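What follows is each chain in one-letter form.
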Amino acid sequence: MKIATGADHAGYELKDHLAAELRGSGHEVDDVGTSSGDSVDYPDFAAAVGRKVASGEVDLGVLVCGSGLGVAIAANKIRGVRAATCNDPYSAAMSRAHNDANVLTIGARIVGEGLAEEILRAFLSTEFEGGRHGRRVGKITALED
Ligand code: RB5
């Protein structure tokens, strides 16, 4: 898959770790930064990843900030983005199975590298179930109008 990654200064180390994991698993990574601990504004990176997902340029997005919250709130402002903050593997699996999430967000100040890897694996390995969940996701999409 082609996956866009992004983070702010609080999340860039974990984002870089996850990007390396993705590459190691054979995925193509489109990293929008940031790439240092210099203070930046998370909405800029959330928007860059969200736009790539919404346009179809990439299949999925992964965003990391301190809590995982700010990047999700920002990315969800972009039409077509369904960003879910998942700081545990169950939430990651459910965000795909029931919500058809297309952007995973993680809090680097909450989860360590090992747990983040499990969260990412759960997100990538779970398919959207469709059916009644498709109807509900359709109603979410309708809220964009
Ligand atoms: C940065 O201090 C922090 O506010 C940011 O990484 C994120 O947690 C915001 O939601």
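Heads up: the structure comes first, above all this text.
A quick note: this is a predicted structure, and the numbers were derived from the prediction, not measured. Sequence order as written defines the numbering, with residues in each chain counted from 1. Local features in a predicted model are, by the rule used here, given only for residues with pLDDT of at least 70; side-chain atom pairs are given and counted only at 80 or more, and totals for whole chains, interfaces and linings are based on all residues. To obtain the side-chain values, all non-hydrogen atoms of the structure were included, while hydrogens and water were left out.

Caption draft 1: Expanded view of the site of the ligand. For the ligand, the full set of nearby residues is D8, H9, A10, Y42, C65, G66, S67, G70 and R109. Polar contacts, as used here, are pairs of N or O atoms within 3.5 Å; protein pairs need one atom able to donate a hydrogen and one able to accept it. Residues neighboring in sequence count only if both atoms are side-chain atoms. Side-chain polar atom of D8 to an oxygen atom of the ligand: 2.6 Å apart, as the coordinates give it. A distance of 3.0 Å is found between an oxygen atom of the ligand and a backbone nitrogen or oxygen belonging to S67. For accessible areas, the Shrake-Rupley method is used with a probe of radius 1.4 Å. Any residue's cover is judged against the shown protein chains and nothing else. When the free accessible area of the ligand is taken as 290 Å², the share hidden by the protein chains comes to 71%. Considering only residue class, the shell around the ligand consists of three nonpolar, four polar and two charged. Being near a molecule or strand, for a residue, comes down to having at least one heavy atom within 4 Å of it. For this classification, Asp, Glu, Lys and Arg are treated as charged, while Ala, Val, Leu, Ile, Met, Phe, Trp, Tyr, Cys and Pro are nonpolar and the rest, including Gly, are polar.

Caption draft 2: The arrangement of the sheet that holds strand β4 (residues 83-85) in detail. Each pair of strands is called paired provided DSSP finds at least two bridges between the two strands. Secondary structure elements are taken from DSSP: a helix is a run of H or I of four residues or more, a strand is a run of E of two residues or more, and numbering for both begins at the N terminus. In spatial order, the strands read β2-β1-β3-β5-β4; together these five strands make up an open sheet with parallel pairing. Only two strands of the sheet have a single neighbouring strand rather than two, namely β2 (28-31) and β4. The sheet shows a mean angle of 25° between the axes of neighbouring strands, taken without regard to direction. The pairing of strand β3 (residues 60-65) with strand β5 (residues 103-107) spans five bridges and is classified as parallel. What sits directly across from V64, in β5, is I106. Helix α5 (residues 113-125) rests against β1 (2-7), β3 and β5 of the sheet, and its axis sits at about 165° to β5. Inter-axis angles, ranging from 0 to 180 degrees, are taken between N-to-C directions of lines fitted to C-alpha atoms, where helices are fitted over the stretch in contact. By definition, residues are in contact when any of their heavy atoms lie within 4.5 Å.

Caption draft 3: Representation of the pattern of salt bridges in the model. Definition used for salt bridges: Asp or Glu carboxyl oxygen within 4 Å of a side-chain nitrogen of Lys or Arg. All chains considered together, the criterion is met by eight salt bridges. Between K2 and E28 there is a salt bridge, and its shortest N-O distance comes to 3.8 Å. Placement of the pair is K2 in strand β1 and E28 in strand β2, with a sequence separation of 26 residues. Taking relative accessible area as the criterion, K2 reaches 26% and is therefore assigned partly exposed. Here K52 ties to E57 by a salt bridge, and the two come within 2.9 Å at their closest N and O atoms. Taking relative accessible area as the criterion, K52 reaches 16% and is therefore assigned buried. Each residue's exposure class comes from its accessible area (1.4 Å probe, protein chains only) as a fraction of the maximum for that residue type: buried when under 20%, exposed when over 50%, partly exposed otherwise. Classification of E57 as partly exposed rests on a relative accessible area of 41%.

As far as function goes, none of this settles anything; it's purely spatial.
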